Amino acid sequence: MKVWAQSVKSQRRHRQKDPTLEMELDQGKMDQEPGRPTWNRQIEFTLAGIGCAVGLGNIWRFPYLCYRSGGGAFLVPYLLMLLVMGIPLLYMELILGQYMRRGPVHALAKACPLLKGVGLATVAISFIMCTYYNIIITWGLYYLFSSFQSPLPWQSCNNTWNTPNCTDHINPNTSSHSSTASQQFFNYRMLERTGGVEESGVLRWELFLLLLLAWILLYFCIFKGVKSTGKVVYFTALFPYVILLALLINNVQLPGAMEGISFFIVPNWEKLLELEVWINAAAQIFNSIGIGFGSLMAMSSYNNFNNNILKDTLAISITNSLTSILAGFVIFSAFGYMSHLQNIPVSELAVDGPGLVFVVYPQAFATMPVAPLWAILFFFMLLCLGLDSQFAMVEVMATSLMDGFGGPLMKFLRHKEMLVLAVCSTAFLLGIPHVMQVGIYVFQLMDHYTAIVSLMFLAFFEVLAICGLYGVRRLSANLKEMTGNRPNIFFRVCWMFVAPLLITIILVFTIIQFKPARYEDYVYPPWAQGIGWVIAMASIIWIPLGALHTLWVLPADNGEEKKLKEIKIAVEAVQISQTWQNANTI
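Along each chain, the written sequence defines residue order, and numbers are assigned to residues from 1. Reporting in this predicted model follows two pLDDT cut-offs: at least 70 for local features of residues, and 80 or more for side-chain atom pairs to be given and counted; totals over whole chains, interfaces and linings ignore these cut-offs and use all residues. Only heavy atoms go into the side-chain values, all of them from the structure, while hydrogens and water stay out.

## Points about the overall build of the protein
Thought 1: Of regular secondary structure, the protein possesses 23 helices and four strands.
Thought 2: Think of it in three bands: with a 1.4 Å probe and only protein chains considered, a residue is buried below 20% of the maximum accessible area for its type, exposed above 50%, and partly exposed in between. The 586 residues of the protein split such that 59% are buried.
Thought 3: For the protein, the accessible surface area stands at approximately 23,400 Å², while carbon and sulfur atoms represent 66% of it. A helix here means a DSSP run of H or I that spans at least four residues, while a strand means a run of E at least two residues long, and both kinds are numbered starting from the N terminus. Where accessible areas are quoted, they stem from the Shrake-Rupley method and a 1.4 Å probe; at the residue level, only the protein chains shown are allowed to cover.

## So, unusual backbone geometry
Thought 1: S150 connects to P151 through a cis peptide bond whose omega is 0°.
Thought 2: As for its placement among the helices and strands, P151 is situated in the loop between helix 7 (117–146) and strand 1 (166–167).
Thought 3: Of note in the backbone geometry, R101 takes a positive phi value of approximately 55° without being a glycine.
Thought 4: Here R101 shows up in the loop between helix 5 (75–100) and helix 6 (104–111).
Thought 5: Not every positive phi belongs to a glycine, and E192 is a case in point at roughly 50°.

## Description of the packing of aromatic side chains
Thought 1: Centres within 6.5 Å are what make two rings of Phe, Tyr or Trp a pair, Trp counting through its six-membered ring; a difference in plane orientation under 30 degrees is then read as stacked, over 60 as edge-to-face, and the rest as tilted. Evaluation of the coordinates by the stated rule reveals 42 aromatic pairs.
Thought 2: Here the aromatic rings of W139 and F186 are separated by 5.7 Å at their centres, their planes lie at 90°, and the arrangement is edge-to-face. A residue pair is termed long-range when its members are at least 10 positions apart, and W139 in helix 7 and F186 in helix 8 (residues 181–190) qualify at 47 residues.
Thought 3: Taking the relative accessible area as the measure of exposure, W139 reaches 1% and is therefore buried.
Thought 4: In this structure F186 comes out as buried when scored by relative accessible area, which is 3%.
Thought 5: Grouped by ring-pair contacts, the aromatic residues Y132, W139, Y142, Y143, W154, W161, F185, F186, F358, F378, F379 and F443 constitute a single cluster.

## Looking at the packing of helix 19 (residues 439–483) against helix 21 (residues 526–540)
Thought 1: In this analysis an axis means a line fitted to C-alpha atoms, helices contributing only their contacting stretch, and an angle means the value between N-to-C directions, from 0 to 180 degrees. In contact at an axis separation of 9 Å, helix 19 and helix 21 are set at 40° when each is read in the N-to-C sense. Taken together, the axes of helix 19 and helix 21 are oblique relative to one another. In terms of crossing hand, the pair formed by helix 19 and helix 21 is right-handed. Contacts from L445, M446, Y449, T450, V453, S454 and F457 in helix 19 reach A528, Q529, I531, G532, W533, I535, A536, S539 and I540 in helix 21.
Thought 2: Polar here means any residue outside two lists: the nonpolar Ala, Val, Leu, Ile, Met, Phe, Trp, Tyr, Cys and Pro, and the charged Asp, Glu, Lys and Arg; Gly therefore counts as polar. Looking at the contact of helix 19 with helix 21 residue by residue, the class counts come to eleven nonpolar, five polar and no charged. With respect to orientation, any angle under 35 degrees is reported as roughly parallel, any angle over 145 as roughly antiparallel, any angle of 65 to 115 as roughly perpendicular, and every other angle as oblique. By definition, turning the near helix anticlockwise from the far helix through less than a right angle yields a left-handed crossing, and turning it clockwise yields a right-handed one. By definition in these notes, contact holds between two residues if any of their heavy atoms fall within 4.5 Å.

## Observations regarding the side chain of N303
Thought 1: Within the secondary structure, N303 is located in the loop between helix 14 (295–300) and helix 15 (309–342).
Thought 2: Within 3.5 Å is the distance limit for a polar contact, defined as a pair of N or O atoms, with the added protein rule that one can donate a hydrogen and the other accept it, and that residues adjacent in sequence qualify only through two side-chain atoms. Here the side chain of N303 touches Q98 through a polar contact of 3.2 Å, side chain to side chain.
Thought 3: Residues in contact with N303, not counting those within four places in the same chain, are T38, W39, Q42, F45, Q98, R101 and I309.

## Things to note about the pattern of salt bridges
Thought 1: Any Lys or Arg side-chain nitrogen found within 4 Å of a carboxyl oxygen on Asp or Glu counts as a salt bridge. In the structure shown here, the tally under the stated rule is four salt bridges.
Thought 2: Residue E192 is joined to R204 by a salt bridge in which the shortest nitrogen-to-oxygen separation is 3.8 Å. Here E192 is found in the loop between helix 8 and helix 9 (205–222), whereas its partner R204 is found in the loop between helix 8 and helix 9, with twelve residues between them in sequence.
Thought 3: Since its relative accessible area comes to 28%, E192 is described here as partly exposed.
Thought 4: With its nearest N and O atoms 3.9 Å apart, the salt bridge here joins E274 to K271.
Thought 5: A residue is classified by how much of its surface remains accessible, and E274, at 35% relative accessible area, is partly exposed.
Thought 6: Given the relative accessible area of 21%, K271 is considered partly exposed.
Thought 7: Overlapping salt bridges bring together R189, E192, R204 and E206 as one network.

## Details of the UniProt feature "binding site: Na(+) 1" (unreviewed entry) in the protein
Thought 1: Per the UniProt record, the feature "binding site: Na(+) 1" (unreviewed entry) sits at G51, A53, V54, N58, S288, L385, D388 and S389. The largest pairwise C-alpha distance within this set of annotated residues, which runs over 339 residues, is 12.8 Å, so the set is compact in three dimensions. In the annotation above, A53, N58, S288 and S389 are the residues that line the largest cavity.
Thought 2: Secondary-structure assignment places S288 in helix 13 (residues 275–289). UniProt positions are given in the numbering used here, feature names are shortened, and annotations may be inferred rather than shown by experiment. Whether a set of points on the 1 Å grid over the protein atoms alone is a cavity depends on a 1.4 Å probe fitting there but being unable to get out, while an open set qualifies as a pocket with protein on both sides within 12 Å along at least five of seven lines; lining residues are those with an atom within 4 Å of a point.

Shown next, in the form of structure tokens:
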């Protein structure tokens, strides 16, 4: 015990004297791995990062949360959370990825062996999400191909799939049991959905082939790794902005558009007193930027070692939020137009989740001049946004497999292109249940337990591993070694106090306010909820398993190596308390 205490005191003395020396003692000098591929130009990483962060969530999740939270009142906590949590934590991930030159699994294993399972969990959650995220791209392709006709198929109720309660426009005198032509196209034409998860139905062959097409498009965009991805992002990351601006210019000229925009930018100050609004704002920052997914950490591992990562951090995070706000103007101007057509206030429109993209907005297209053109542009934009995010999630899996099993895999597969093909093929097969008639219920179940439950736990443990156990001092030393400059006081305070506190609050309220999965009025049976928790645990379980593995293999080592590992585990175990004790030296 005395030897252990003396070892810890020695480590603490080294830490007070020279953080870089501590890094060399506890971790060892990182090799630069000259053979690791890098981006051809640094702008390619920036664009790929923007493409990863800017996705479908900017188009539907942000406007939906803003709408539900009282419009402009949501922007206040959203921008505050971006400043004190979004930007600092993205900076943290990119520093670690660029310094370690590894994907999230091996980067976190080297940084914090006790919580190396966090890296495995980030890969697991990214892979799980990519299996069902491509379903949204599949739906977008279905709408895109359906838009090449006039009138649009969701424009009227004179179709074989429409029911007697179909109506072209909802108005105050319409029965509450009626549904719009747009809703029926989504539910009864594209999905042909069943009554619940108990009824699996049959395979929707149209959607199956479009899912296959989506994965083929994705594969040929990324099969060469960062070399091919870097070329594609020039188009997929930039073109959506051209379409968004075109849509905005068109929408603001529609009657009622200003009422929708006013709802978006004028705060309802009473909403700021509701804690849920602040929690939603913080959760949107995590979901939108992608903190906890490991995608951007994997991408940054291909940077040049001396790259100025702060510029990329600011470019990615600020562009992401500005895109959300731009999308807000586009969507809320359409809301104002819809409220004008239906003669009801903007606050009484029926808006819910993915229905924002595939029900409400297509319904607005149906009454616009040159409707097919705007529909084609909009759904092509969704395709670009979806592919960008998929690039990152698939790349996480491929990078982690190459980092851990590159030698054996290359002996068997011979080329990395075959590894990417294997990953895409596996994800495609796992996505087949989503293109059955029961698919929308499977999708909603997986999204609820992955994007809400798993992500909050994962983000909490990632912040604990890097900011707490690995330590702000080590992270600062890493940045100084790469760029010659330490992070300023703002980032160190956010890493040490603000971000851990906020993510803990978010996790606590996620647990307290947790509600079982549901889709519209359908409540999932208990056995389906149980499957949802199994899906959630498929990523979370790696965190305790990783810790147990680290503690299990420790006794197998002998001599000096065992002593060094004991010291490292001990230092990690007390790192959080030491960080607080030394806070006055920031």
